[in-house]
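Each chain is listed here by its residues.
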Amino acid sequence: MMVGTKRKAEEAADRSPAKQSRPEDAFKRTLRKLGLRVLSTGPYEMDVEQSIFLRRLSSHFSAADKRIVEEFLEGLQEHLEDSGRLQQSVMNTVLSDECGSASQDLAGTRCDSLLRLFLLVDCLQTSAIAMMLEKLPEFMDEDTSSQSVDMPAVIITQLRWLDRVEEPQALSDKLLEMISVTSLAIQREIIVALPEIVTDGQHEHVAKSLRDMLFDDPQLTVSILDCLSNLNLSSRLLSEVRTSVMKILPSTESSQLSVVLRFLLHSVTQHDAMDVVTAIRDNLDLAPSSAVPVATSTPAIGHVPHPDNDDGLLAAQALQASLRYQKCVGDAWVKVIEMVSAVKQHKPLDLLLLFILHQCPGRHKSVESVIRSKCRDGLFTADLVETAFSSHAQALKEYFPSITAVAESLLRSMDGIVAAFAQSLYQQAFQKFALFHQQEVIGCLVTHVGGGQSHEVDAALSILSHLADTLPVAMSPFIVFLKGMLDYLDNLSVSQLRRLFTLLSQLAFCGDCDASHVADDMHIIIRKQLTNSKLRYKRMGIIGAVAIIGAMATVQQSGDSEPSAATDATSQPSTLTGQAYEQTVNLLDMTRSNSVSHPIAASLFYDELTTIVCQGRLDSKVLTWIADCVVSDFQDSFLVESEAALPESSTDLMLAYNLDDDDAEGSVAVNLMPLLQKVPPASLSSRTSEQLSPSSSLVSMPSHFALLQHCEKMQHGHSLEGIDALLGCPLVLCTESVLQQFPSLPADQRLKICASLLLAINWCREVVNAYATQEDVEMKGKVVRRLQNITHVEQILERCLAATPAFVPPPAVFDDDFAIKSVGDVITSIMASSGSAGGSGKRGRKPTKKKSVDDSIIKSGDLASQQDLCDTAPTSQASAAASPSPVSLPPNTSIMSHYQPCVREIDMDVMCLLQHTCIAKKKLDSEMHTKSVEVISMQPLQLLFLLSDLQRKADHILPATASSRGLFLKAKHRSPPSGFTLLQRFKPVEVAQRLVEMLPWLCEHMEWAHEALQKLNDGGDADELEASFTQLLDSSASKTVREIYVCALRIISTLLSWNGLSSMKELRRSIYQVFSTQLDSSDNGKNSRLTYLASQSFQYLQNFKATVPDLSTATLLCQQLTLLLAQAEDDELRVQLGDLAGSLLRREWPLEKKSTKSNESLVTLLRIHLTCSENPLALMETIAGKAAPELLSEDIAQTSLYPTLTRLSFPSFYRCILHELVAHLRSQPTPKANDLMEVKRDQLTKLQFCVGVFYILINLVKAFDVRPVLGNALKYGRMFVETFLRQGMPVLDGTFRLYKDDVQSLLKTLQQSTRSLHHFCGHSKVSKDVVLTNHVPALKKCLEAFVFRVKAMLSLNDCHQAFWIGNLKNRDIQGEEILSQTPQQIEDTTPSESEEEVSDDADDDNSD
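Residues numbered from 1 in each chain as written. Predicted model: local features only at pLDDT ≥ 70, side-chain atom pairs only at ≥ 80, totals over all residues. Heavy atoms only, no water.

### Looking at the overall build of the protein chain
Now for step 1: A tally of helices and strands in the protein chain yields 59 helices and 12 strands.
Now for step 2: Of all intrachain contacts in the protein chain linking residues separated by at least 6 positions in sequence, the fraction that spans at least 24 positions is 75%.
Now for step 3: Approximately 62,800 Å² of the protein chain is accessible, and the part contributed by carbon and sulfur atoms is 50%. (Helix = DSSP H or I, 4+ residues; strand = E, 2+ residues; numbered from the N terminus. Contact = heavy atoms within 4.5 Å. Areas by Shrake-Rupley, 256 points an atom, 1.4 Å probe, with all protein chains shown as cover.)

The following block contains the structure:
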């Protein structure tokens, strides 16, 4: 009753005379008559159903004249002026209670709003839309968040999904107009609703307008892209819009990146995926603006730094969605990353994308293959990993399973560079991620240690050691997991055991963590191992005990810095508590007592102690105990007074290599031969260290002395004046007469002489290690003379070993159980590798006269010339023995090179001698005045000794990038070489820094050798050469100078090609600065630009091209110049390098037959010659078309243009040219539809040139039909055709109509080549060569694809009549028909046995 009364009151008010004249009143009456009542409050009510009302409304105005419609619209306009009624007009109407009995159950049902109902009527729609949209600016200044109804949103909602739009153009224009005059919030509402409002015909018009708005207001970017994603656009317009969006990508806010990426990748097709992905990669930066710099981004324990928001994570998820569901996008990303060819061009985004791709199904192997390839090429570095984890830690955390999976796979690689990248992944994941992820990383690494593969275990232990050193607090919670590695001790090598025990000791005895249970377990294990009778387990116990000693004795040390050279370690107060000191001493004493009975165990104990002593962080009380109780018995064990050294009854011994005055009081000598007399001969011919006699304590003498001298240095401020007598003391060895009769001596005596000479070498090596860093000039002179002694004794030992095949040298390196071969076995392997059988000549030839003993063992003249090296050497000459000489070894072979575990390692500190060419030693009289000055010069042989050792060290610790290791040969895993225990104390970067310090000395020695070789090559004689070069006239001396030259160059090459150098800009600058200074001494850093210094370095090293002695050295020089060229970025230098490589190829070298090394060098030089040439295609044509045909003449062994091109080297040349031709074709830019015609013409010309060179190369197979050439033709022929289909056919598509004749000629030329390839396939099948037939299926499939691709091109250009298919007969290489397959040819009509003909009317005669 109340509602009815209210409605009647409103109707009475409307009928009053005061409101009869208002348009709004007529508006209301019309609506009431049609069945809708406009109430002052609440929703409007309809007395009839909505469909009936719409029918009435439409009929009413369709029959009314225009004036009535205008009055109604005026009433509507007046009605909407009131904000309350406007709100009621956009709210839903309801059915009233008076709808009728039939519809009584629908009372209160909601219907469309009043304005929505007007929009459904054609004659009212346009005006209603205008009225509604013009109301939007009225809400610009209102805060819609505080209101119950968002009026702009509700008004815009009325326009969505209209059944019919009367004026679509007007609607879209009005909406776009409103965007320009409304507030930001309303603009977003309008833009988002546009796809649901405008008709399909207006989508492109709207898209163009929105595209222009992208650059006006960045705040609308998200709304605009959301709208554009829902519009139906043509491919052309979509490409234009995408280009516009790409332009704003660099300036897009991080919060909008995910939307932008989704839009860019949403509509990508296979044809434009590469362009879109390349543009995204170039412009996308996911790094947060507040990222902490890499150098200071060490995470706290339990806290992982991450950006303030998840914008980077959202962007990564947007990328993941496109990669997972759009295969073409994933393929494009992989191709784009593969195409990056420089370290600087790679971004952290590349790693993130690869990890995202790795999570996509079916892409695990391909992603790991890409990463592995990038690592081998040196393009993925540790710096890139560190930057990626610092920039995208939050995003990468979501892909942690992929990171660990990739790292696990790469760490198993035998390639050290690949494994190093995996180490970086594990380290960064541990540092940047949370506790859960850290535990997973530790679990993976422990699994690797238990894997059993040596290289995998080394890498895993290296990671754990690094984490324990840098993040000990973060590692301490996981010591329980790490303790489980003690179960794998039996499978670990000595170096791995040392690293494992050091790691566990460092964490177990750390004062910041409670790991007493781990320490107790380690003590129990070590005690059992020390008391074990087997050397293997005793070795484990020694290593573990010394590791614990090192940790316990330094755990309470206040500082980590080493004591200075002027400070005694024992003068510093002890910080070790009484209990800790007692435990340390007890463990030391137990280890010593259980190892002294075995010389190998004792030697290992001394070496392990030396390692921790020389670190300079051992407690002073412990150091004093070691000096008093461990090394104090050295003199009693191995030294003897010089006066009593030689027994009166013995005439076979002498005091050799004495550097001190003979009349010095209290002088001592090293008692070698008398102690060896006590050793059973059987122990000198045993093949395992287990069989050494306990009395052979001389094995531990070098290790014992090393510990002695290091303790002396630590106790006396790095001074060795207290034991300076050991530097020049003589050695008790056999006399010269005994050496001259060596082959005729009894076998036992020969074994002992060889052992004494080897021990003398090791003694001198340790002496040099000890005293090389002393500043005293007299000591420096003696050290140089000791180097001369080493080279002299090595020459004698080489001759003696050749006559003692049963001798097995005792080990001098105790890192593992080396399977040391006997000398006879080594000689047999040398002979087998050199291709000679025991030195015998051809069958039936008269044997040559063998040298006598005095010629083959040691010459009297040689000893006389070495009188300054061995002051006690006799001068009398002995007659030659009648016994025959030992087996003659091939030239340039050394038996001692196979016994590196049997000589002591030279320390890196010894290399400081390289700076001395001569040392002045003053002799004083009784009044301490200078009596005379003796100049001791570094002889070439001693210089070569140091450089060779330095080269071995550099090659071992500084691995090269894949590009520097060769072009075609794969890296093979070799067992780690021995003799680098001292070197392992240094990190690779520390060794690199030391090499940079030595670089000026290396340059001086190389310049000296270069000048000497230049004078010798010019034919200078003794009168014309300077005094320093007079000695080089001897052929052996000139050979030594050449080896010095090569060693110095190889060391420089190792430094430049080190895979870690690319990430160290300042180190590179220092290297280039040295070369620049050597080139121009007046340039003292005036221009410090890296590119300038690199170009100066290029010019400096290029000056050595004239004296390269062999082909491998020439290749090495060119590789160095290639590395410098990459830094210099100078086109002129590139041309110079290409010309240099060409000149080296045109030089006549003494090539070895069937030498893999020579072929590899030729391939590298030819590759550089082609890639650095101004016109590589013309060069390929010259070599293949002019030089190679010269070899067809039987009387020509080498070509005139390139003497290195012979019949033996032709397969290498052929393979390299084909490889570079395919690479050149791949490097051609992909043609685009909007390219200028001049660009298309240039592309067609280059394509014609490539096809012409390919035709020449394929025809060469008919003349050189050897298996390697044929195999390369099949392999690279398929690659060329595949590349032509991708890169060449689009060019032909775009140029066919304008250059029809050129395209037709190109296809006919290529057709002849493909026909030859088809013949090669038939020949391979007939020959039944498995290696060749493996290429056939893929090649035939490629040829088939080429046939149909050409047919498609011609059909699209309405030239299908120029194409026809005919069956090809199977022929061999020479074109002769294979008759055995004739019946098959008649019946076989498959496309793979067909060939296309691109012809005009006269081409019929070209078919088979």
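We are not done yet, so read on.
### A few points about helix α36 (residues 701–715)
Now for step 1: Compared with an ideal rise of 1.5 Å per residue, which puts 15 residues at 21 Å, α36 spans 21 Å between its outermost C-alpha atoms and is within 8% of the ideal.
Now for step 2: Most of α36 is tucked away: 15 of the 15 residues are buried.
Now for step 3: Phi turns positive, to about 60°, at G717, one or two residues after α36. (Expected span 1.5 Å × (residues − 1). Buried < 20%, exposed > 50% of the residue type's maximum accessible area, 1.4 Å probe, protein only.)

### Examining the sheet that holds strand β4 (residues 110–113)
Now for step 1: Taking strand neighbours across the sheet as the criterion, the four strands line up as β1-β2-β3-β4 in an open arrangement whose pairing is mixed. What marks the edges here is a single partner per strand, and that holds for β1 (36–37) and β4.
Now for step 2: Strand direction decides the pairing type here: β1 and strand β2 (residues 45–46), joined by two bridges, are antiparallel. Bridging from a neighbouring strand, R37 pairs with E45 of β2. (Pairing = 2+ DSSP bridges.)

### Side note on the side chain of K538
Now for step 1: Considering the arrangement of structural elements, one finds K538 in helix α30 (residues 535–554).
Now for step 2: A distance of 3.0 Å separates the side chain of K538 from the backbone oxygen of L530, its partner in a polar contact. (Polar contact = N/O pair within 3.5 Å; in protein donor to acceptor, adjacent residues only side chain to side chain.)

### Looking at the environment of D1265
Now for step 1: Within the secondary structure, D1265 sits in the loop between α54 (1237–1263) and α55 (1267–1295).
Now for step 2: Each C-alpha atom of the pair D1265 and F1320 lies 9.9 Å from the other, and the pair is 55 residues apart in sequence.

### Regarding the pattern of salt bridges
Now for step 1: What the rule picks out here adds up to 35 salt bridges.
Now for step 2: E166 is the salt-bridge partner of R164, the closest N and O atoms lying 2.4 Å from each other.
Now for step 3: Of the residues examined, E166 reaches a relative accessible area of 34% and is grouped as partly exposed.
Now for step 4: For the salt bridge of R1069 with E1066, the shortest nitrogen-to-oxygen distance reads 3.6 Å. Of the two residues, R1069 and E1066 both sit in helix α47 (residues 1065–1079), three residues apart, roughly one turn of that helix.
Now for step 5: Because the salt bridges share partners, they merge into one network encompassing R211, D212, R236 and E240. (Salt bridge = Lys/Arg side-chain N within 4 Å of Asp/Glu carboxyl O.)

### Looking at the nonpolar core
Now for step 1: Membership of the largest hydrophobic core comes to 423 residues, with the highest contact counts inside it found for F118, I626, L726, W763 and Y771.
Now for step 2: For this core, the leading source of residues is helix α39 (residues 747–771), giving 15 residues.
Now for step 3: For W763, the residues in contact, after removing those within four places along its chain, are F634, V670, M701, F705, L726, C729 and L731. (Core = buried A, V, L, I, M, F, W, Y, C linked by side-chain atoms within 4.5 Å.)

### A short note on the state of the cysteines
Now for step 1: Applying the stated criterion to the full structure yields zero disulfides.
Now for step 2: You can see C754 has no disulfide; the closest cysteine sulfur is in C800, sitting 5.3 Å from it.
Now for step 3: Residue classification places C754 among the buried positions, given a relative accessible area of 0%. (Disulfide = S-S within 2.5 Å.)

### Considerations on the packing of aromatic side chains
Describing an aromatic ring pair means giving the distance of the ring centres and the angle of the ring planes.
Now for step 1: A full pass over the atoms with the stated rule returns 21 aromatic pairs.
Now for step 2: With a centroid separation of 5.7 Å and 25° between ring planes, the pair formed by F380 and F421 is classed as stacked. Remark: F421 occurs in helix α23 (residues 416–432) and F380 occurs in the loop between α19 (364–376) and α20 (382–391); sequence separation between them is 41 residues. For the residue pair F380 and F421, the accessibility class agrees, reading buried in each case.
Now for step 3: Relative to F1264, the ring of F1210 has its centre 4.0 Å away and its plane inclined at 25°; by these criteria the two rings are stacked. Separated by 54 residues along the polypeptide, F1210 in helix α53 (residues 1210–1226) and F1264 in the loop between α54 and α55 bring together distant segments of the chain. (Phe/Tyr/Trp six-rings, centres within 6.5 Å; stacked < 30°, edge-to-face > 60°.)

### Here's the deal with helix α13 (residues 235–248)
An α-helical segment advances 3.6 residues per turn. Residues three or four places apart therefore align on the same side.
Now for step 1: Counted at 1.5 Å a residue, the expected span for α13 with its 14 residues is 20 Å, and the 20 Å between its end C-alpha atoms agrees.
Now for step 2: Residues of α13 that are buried: L237, L238, V241, R242, S244, V245, M246 and I248.
Now for step 3: Looking at the buried side of α13, the elements it contacts are α11 (203–213), α12 (221–229), α14 (257–266) and α15 (273–283).

### Re the pairing of strand β3 (residues 92–95)
Now for step 1: Judged from the two bridges that link them, β2 and β3 form a sheet pairing that is parallel. Looking at β3, one finds that E45 is bridged to V94.
Now for step 2: With three bridges connecting them, β3 and β4 associate as antiparallel partners. Paired with V94 across the bridge in β4 is R110.

### What about the packing of helix α40 (residues 777–802) against helix α44 (residues 940–957)?
Now for step 1: Between α40 and α44, whose axes approach to 9 Å, the crossing angle comes to 90°. Of the possible angle classes, the one that applies to α40 and α44 is roughly perpendicular. Together, L787, Q788, I790, T791, E794 and Q795 of α40 and L941, Q942, F945 and L946 of α44 make up the contact between the two elements.
Now for step 2: Classifying every residue of the contact of α40 with α44 by side-chain character gives five nonpolar, four polar and one charged. (Axes fitted to C-alpha atoms, helices over the stretch in contact; angles between N-to-C directions. Parallel < 35°, antiparallel > 145°, perpendicular 65-115°, else oblique. Nonpolar A, V, L, I, M, F, W, Y, C, P; charged D, E, K, R; others polar.)

### Let's talk about the confidence of the model for the protein chain
Now for step 1: For the protein chain, mean pLDDT is 79; residues scoring 70 or higher make up 78% of the total.
Now for step 2: No element of the protein chain has a lower mean pLDDT than helix α43 (residues 860–865), at 32, and none a higher one than helix α22 (residues 400–411), at 93.
Now for step 3: Across residues 290–309, where pLDDT falls below 50, the model places 20 contacts with residues more than four positions away in sequence or in other chains.
Now for step 4: Under a pLDDT of 50 for its full length, residues 1021–1034 has, in the predicted model, 22 contacts with residues more than four places off or in other chains. (pLDDT = per-residue confidence, 0-100.)

### Examining the packing of α20 against α23
Now for step 1: Contact geometry of α20 with α23 gives a least axis separation of 9 Å together with a crossing angle of 25°. Relative to α23, α20 is oriented roughly parallel. You can see that α20 and α23 cross each other, and the crossing is right-handed. Contacts between α20 and α23 involve A382, V385, E386, F389 and S390 on the former and, on the latter, F421, S424, L425, Q428, A429 and K432.
Now for step 2: Partitioning the contact of α20 with α23 into residue classes produces six nonpolar, three polar and two charged. (Left-handed = near helix turned anticlockwise from the far one by under 90°.)

### Observations regarding the environment of C711
Now for step 1: You can see C711 is positioned in helix α36.
Now for step 2: The buried category is assigned to C711, whose relative accessible area is 1%.
Now for step 3: Sequence separation between C711 and I626 is 85 residues; the distance between their C-alpha atoms is 8.0 Å.
Now for step 4: Excluding residues within four positions of it along the chain, C711 makes contact with V613, L623, I626 and A627.

### Considerations on unusual backbone geometry
Now for step 1: Positive phi is not limited to glycine here, since Y657 has a value of about 60°.
Now for step 2: For Y657, the location among the structural elements is in the loop between β6 (653–656) and β7 (668–670).
Now for step 3: What makes Y657 buried here is its relative accessible area of 5%.
Now for step 4: Phi at H718 takes a positive value of approximately 65°, unusual for a residue other than glycine.
Now for step 5: Mapped onto the elements, H718 comes out in the loop between α36 and α37 (725–728).

### Concerning the environment of Y1092
Now for step 1: For Y1092, the position within the fold is in helix α48 (residues 1090–1102).
Now for step 2: When the C-alpha positions of Y1092 and E1129 are compared, they lie 9.5 Å apart, and in sequence the two are 37 residues distant.

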